Amino acid sequence: MKFPGFSKTQNSTRKIDKKGPKKSVFRRVNDWLHLWMGLISGIIVFVISVTGCLYAFEKEISDWLKPHRFVTPQEKSYLLPSKMKESALNYLSHQLPDTVKPELYDVTYFGKNKSAVTAYNHPEHEYTMIYMNPYDGTVLRQDHLKYDFFRFILMGHFYLWLPPDIGQPVVATAILIFVFLLVTGMIMWWPKNLKKANFDKSFKIKWGASFKRVNYDMHNVLGFYFLTISLILALTGLVWGFEWFSNSYYRALTGGKSIPEWKTVESDTTQISAVNMQAQNIDIVWQKMLKEYEGQAGDIGIQFPRDEKGTITFSFNGRPGTYYKRESKSFDQYTLKELPPSSELYGKKFEEYSIGQKIYKMNYDIHVGAVLGLPGKILAFCASLVCASLPVTGFIIWWGRRNKGNKKTVQRKNIKRKSATAEVDE
C-alpha cells in the first residue's frame, strides 16, 4: 500500500542527506583551499621536513662518526696559518697531479681539542676539507663533501636534488604554501565552544579509538601544538627562499630600514711589492688579532687572498656551533691596513647591533634550533617530524572521506534502483 506524498525512496534519501548546520562561505573557501593547497604541496613539504629532521643533529653525529675531527690538546700555541698552509700544500703535492695547483681558501682553528680545517676545490671531487693537527700541521684526513651523507641531505632540503635555479624556487614556493596551510589549518581547528567533547577533540589524541580517529587527531592536535614552532621554521626558511621576503622581514624587524648593501672589499693593487710578502703578512694579521681577542674562547680563522685584489680576512666566532656571533675584519694584503666591512651586518660585535638586526643575524641558528643549544635542536627535530606527518595524515583523511563519499553515492543508487523496482512490481 502507498500513502499520499510518501515513498520509500524519499524517506531513505532524507536520512542519507541529513546534514548539520551549514558552514559559512568563508569556512567553506578556507577548507577548500586547505585541502587542495595541501594536496599540491604535500610531497615537497614532506621531503623538506624529513631532510630537516635528518640534518638537525648533523654536527653531533659527524663528531661521533669522524674521530679525525679531534686531537689531543697540547700546552702550546697553534701553528701559524702560513705554516698550516704550507703543510697542506705539501700534502696535496703528493696527492694531486703536478699540473694541478690547488688554491687553499682559509684555515680555521676550532679549539684546543679539535682539528684545524682548511679547504680547496678538488678538480674531480669538488669542495674538499682537509683536517689537520693545529699544533704541528700534520694532515689527518681529507673529506670530499660531494660524497658526504649530510651534504646529500642538505641538497635535498635546499633544492630537492634539482639544479639550484629550479629547485630553490620550487622549495620556497612550497614553504610559502605551507605557511598558508598552517593558518587555514588553525582556522579549521578552532573549536566552536569549549565543551568537554570539543575540548577533548581539539587538545587530546584518542589513542584507543579507530585508526581513522587517531590519524585525524594526530593531524589536528599535533598540528596545533607545534603550530608556533612550525611557523618559525617556515618563516626563517623563507628568508633564503625569496629576496622580497628577506627584505620585508628585515624591514619589519628594524622599523623600515633596508638591508645593508653588500660591497666587495679589495686590496690596493698599486701597492703590490716586487717581493712576495703574503705569507708573512698573513701571520702578522693573525698575531695582531689574537692579541685583540686574547682571553676569549671561540673559533678563529683566517681567509687567504684569492687573487691580487683579495684581502686577508680574520674571523672570530664567540659561540661555536652557531653563526650569529661571528665577527670578521678584512685587511689589505699589501699594506695591512684594516678595510671597511663588506656589509654593516658583519663589521661589528653582536652586542652592538639593534634588536631587529640581532634577530636577523640569528636567522639560521633560529631555523635549526641551535640558538637554544641541544634543547633547541631537539625541539626543531620534533617540529620537523610533525611537519612531515601533516601531509601524510592529511592525505589519509582526504582519501578516507573521498571513499566514504563514493560509498554513499553507490548506496543512493542502489536504494533508487530498489525503489524503482518495487514501484514497478506494485
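Residues numbered from 1 in each chain as written. Predicted model: local features only at pLDDT ≥ 70, side-chain atom pairs only at ≥ 80, totals over all residues. Heavy atoms only, no water.

## Here's the deal with the overall build of the protein chain
Alright, step 1. Of regular secondary structure, the protein chain possesses 14 helices and 8 strands.
Alright, step 2. Here the protein chain holds 426 residues, and 40% of them are scored as buried.
Alright, step 3. In the protein chain, the proportion of contacts linking residues at least 24 apart, taken out of those at least 6 apart, comes to 59%.
Alright, step 4. Summed over all atoms, the accessible surface of the protein chain reaches about 25700 Å², with 60% contributed by carbon and sulfur. (Helix = DSSP H or I, 4+ residues; strand = E, 2+ residues; numbered from the N terminus. Buried < 20%, exposed > 50% of the residue type's maximum accessible area, 1.4 Å probe, protein only. Contact = heavy atoms within 4.5 Å. Areas by Shrake-Rupley, 256 points an atom, 1.4 Å probe, with all protein chains shown as cover.)

## So, the nonpolar core
Alright, step 1. Formed by 28 residues in total, the largest nonpolar core has its most connected members in Ile175, Phe178, Leu238, Phe245 and Tyr360.
Alright, step 2. Secondary structure elements with two or more residues in this core: helix H2 (25-55), helix H6 (164-189), helix H9 (227-241), helix H10 (243-254) and helix H14 (373-425).
Alright, step 3. Per element, the largest residue contribution to this core is 7 residues, and it comes from H6.
Alright, step 4. Leave out the neighbours within four places in its chain, and Leu238 touches Ala172, Ile175, Leu176, Val179 and Phe245.
Alright, step 5. The next biggest cluster of nonpolar side chains, apart from the first, holds 24 residues, and it includes Leu92, Tyr120, Phe304 and Phe331. (Core = buried A, V, L, I, M, F, W, Y, C linked by side-chain atoms within 4.5 Å.)

## A few points about helix H3 (residues 58-65)
Alright, step 1. All of the buried residues in H3 are Glu58, Ser62 and Asp63. Along the axis of H3, the buried residues cluster in a sector spanning 125 degrees; they form a single face.
Alright, step 2. Buried residues along H3 sit in contact with H2 and helix H5 (149-159). (Arc of directions from axis to C-beta.)

## A word on the packing of aromatic side chains
For any two aromatic rings, the description comes down to two numbers: the centre-to-centre distance and the angle of the planes.
Alright, step 1. Evaluated as defined, the whole model comprises 30 aromatic pairs.
Alright, step 2. Residues Phe152 and Trp161 carry aromatic rings whose centres are separated by 5.0 Å and whose planes lie at 25 degrees to one another, so their mutual orientation is stacked.
Alright, step 3. The class of Phe152 is partly exposed, set by a relative accessible area of 47%.
Alright, step 4. Counting every residue linked through ring pairs, the aromatic cluster contains Tyr78, Tyr109, Tyr135, Trp286, Tyr293, Phe314 and Phe316.
Alright, step 5. A cation over an aromatic ring shows up here: Lys85 above the ring of Phe304, its NZ or CZ 4.7 Å from the ring centre. (Phe/Tyr/Trp six-rings, centres within 6.5 Å; stacked < 30°, edge-to-face > 60°. Lys NZ or Arg CZ within 6 Å of the ring centre and 35° of its normal.)

## Notes on the side chain of Asn215
Alright, step 1. Within the secondary structure, Asn215 is located in helix H8 (residues 211-225).
Alright, step 2. A distance of 3.0 Å separates the side chain of Asn215 from the backbone oxygen of Thr393, its partner in a polar contact.
Alright, step 3. Beyond its immediate chain neighbours, meaning those up to four positions away, Asn215 contacts Thr393, Ile396 and Ile397. (Polar contact = N/O pair within 3.5 Å; in protein donor to acceptor, adjacent residues only side chain to side chain.)

## A closer look at H9
Alright, step 1. Across its 15 residues, H9 extends 20 Å between first and last C-alpha, which sits within 8% of the 21 Å expected from 1.5 Å per residue.
Alright, step 2. Turning to H9, its buried residues number three or more, namely Leu227, Ser230, Leu233, Ala234, Thr236, Gly237, Leu238, Val239 and Gly241. (Expected span 1.5 Å × (residues − 1).)

## What to know about the packing of helix H4 (residues 81-93) against helix H11 (residues 278-292)
Alright, step 1. At a minimum axis distance of 8 Å, the contact between H4 and H11 shows a crossing angle of 135 degrees. Of the possible angle classes, the one that applies to H4 and H11 is oblique. Every residue of H11 that contacts H4 at Pro81, Ser82 and Lys85 is listed here: Gln278, Ala279, Ile282, Asp283 and Trp286.
Alright, step 2. When the residues that make up the contact of H4 with H11 are grouped by side-chain class, the tally is 4 nonpolar, 2 polar and 2 charged. (Axes fitted to C-alpha atoms, helices over the stretch in contact; angles between N-to-C directions. Parallel < 35°, antiparallel > 145°, perpendicular 65-115°, else oblique. Nonpolar A, V, L, I, M, F, W, Y, C, P; charged D, E, K, R; others polar.)

## Observations concerning the packing of H6 against H9
Alright, step 1. As a packed pair, H6 and H9 sit with axes 9 Å apart at the nearest point and diverge in direction by 155 degrees. Put simply, H6 runs roughly antiparallel to H9. In this structure, H6 crosses over H9, and the sense of that crossing is left-handed. Here Gln168, Ala172, Ile175, Leu176, Phe178, Val179, Leu182 and Met186 of H6 come into contact with H9, specifically with Leu227, Ser230, Leu231, Ala234, Leu235, Leu238, Trp240 and Gly241.
Alright, step 2. Residues of the contact of H6 with H9, tallied by class, amount to 13 nonpolar, 3 polar and no charged. (Left-handed = near helix turned anticlockwise from the far one by under 90°.)

## Considerations on unusual backbone geometry
If a residue is not glycine, its phi is most likely negative; likewise, a peptide bond is most likely trans.
Alright, step 1. A positive phi angle is found at Leu160, which is not glycine, with a value near 60 degrees.
Alright, step 2. Tracing the backbone shows Leu160 in the loop between H5 and H6.
Alright, step 3. Given a relative accessible area of 16%, Leu160 falls into the buried group.

## Thoughts on the sheet that holds strand S8 (residues 338-339)
Alright, step 1. Pairing in this open sheet of 8 strands is antiparallel, and the strands run S4-S3-S2-S1-S5-S6-S7-S8 from one edge to the other. Of all strands in the sheet, those with a lone pairing partner are strand S4 (139-144) and S8, marking the two edges.
Alright, step 2. Relative to S8, strand S7 (residues 326-332) runs antiparallel, the two sharing 2 bridges. Note that in S8 the partner of Ser330 across the bridge is Leu339.
Alright, step 3. Packed onto the sheet, H11 meets strand S1 (106-109), strand S5 (299-303), strand S6 (311-317) and S7 and runs at close to 155 degrees relative to S5. (Pairing = 2+ DSSP bridges.)

## Quick look at the confidence of the model for the protein chain
Alright, step 1. Per-residue confidence for the protein chain gives a mean pLDDT of 87; residues scoring 70 or more make up 87%.
Alright, step 2. In the predicted structure, residues 1-18 sits below a pLDDT of 50 and forms 10 contacts with residues beyond four places in sequence or in another chain.
Alright, step 3. Note on residues 420-424: pLDDT is under 50 here. Beyond four places in sequence and across chains, it has 0 contacts. (pLDDT = per-residue confidence, 0-100.)

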